Amino acid sequence: MTLEFWAIIAVGVALATLTLNGHRRLHARLDRLEDRLGGETKEVGDRLGRVEVGASDVRERVAYVEGLLEGLRDALRDVLVGKGLPEPPRPRRVGG
C-alpha cells in the first residue's frame, strides 16, 4: 500500500470525525434551543390567557355601562316626549 492510499484514508477519517463531531454539536445546540423555546412558548401562552381574561372583564364592564346608558337614554326620552318635545334619534351601534 502506497503513501497516497494512507493519506487518502487519513483525510477520509479526519473528515468523517469532523463531520460527526459537527453534527453532534449542532444537535446539542438544537436540543437546547428547543427546550428554551418550549419554555418561552408556555410563558407566552400563560400571558395570553391572562389577557383574554382581562378582555373578558372589560367586555362585561362595557356591557354594564351600555345598559346603564340605554336606561338613562330611555328615561330622558320619556321625560322629553312627556313634555311634548320630539323623540331624539336612536344612536347607531358600532361593531354589532
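Residues numbered from 1 in each chain as written. Predicted model: local features only at pLDDT ≥ 70, side-chain atom pairs only at ≥ 80, totals over all residues. Heavy atoms only, no water.

## Brief notes about the environment of Leu68
Line of reasoning, step 1. Looking at the secondary structure, you find Leu68 in helix H1 (residues 3–82).
Line of reasoning, step 2. Here Leu68 falls in the partly exposed class, since its relative accessible area comes to 49%.
Line of reasoning, step 3. Each C-alpha atom of the pair Leu68 and His23 lies 66 Å from the other, and the pair is 45 residues apart in sequence. (Helix = DSSP H or I, 4+ residues; strand = E, 2+ residues; numbered from the N terminus. Buried < 20%, exposed > 50% of the residue type's maximum accessible area, 1.4 Å probe, protein only.)

## Brief notes about the pattern of salt bridges
Line of reasoning, step 1. One pass over the structure, following the stated rule, counts 5 salt bridges.
Line of reasoning, step 2. A salt bridge links Glu40 to Arg36; the shortest N-O distance between them is 3.8 Å. Within this pair, Glu40 and its partner Arg36 are both found in helix H1, separated by 4 residues, close to a single helical turn.
Line of reasoning, step 3. Connected through shared salt-bridge partners, Arg73, Asp74, Arg77 and Asp78 make up one network. (Salt bridge = Lys/Arg side-chain N within 4 Å of Asp/Glu carboxyl O.)

## Quick notes on a nonpolar patch on the surface
Line of reasoning, step 1. On the surface, a nonpolar cluster with roughly 620 Å² of combined accessible area is contributed by Tyr64, Val65, Leu68, Leu69, Leu72 and Leu76.
Line of reasoning, step 2. Its location among the elements puts Val65 in helix H1. (Patch = residues over 30% accessible without salt bridge, like charges linked within 9 Å, V, L, I, M, F, W, Y side chains within 5 Å. Areas by Shrake-Rupley, 256 points an atom, 1.4 Å probe, with all protein chains shown as cover.)

## Some details on H1
Line of reasoning, step 1. The end-to-end C-alpha separation of H1 is 115 Å, in line with the 118 Å expected for 80 residues at 1.5 Å each.
Line of reasoning, step 2. In the stretch just after H1, Gly84 is the one whose phi turns positive, near 90°. (Expected span 1.5 Å × (residues − 1).)

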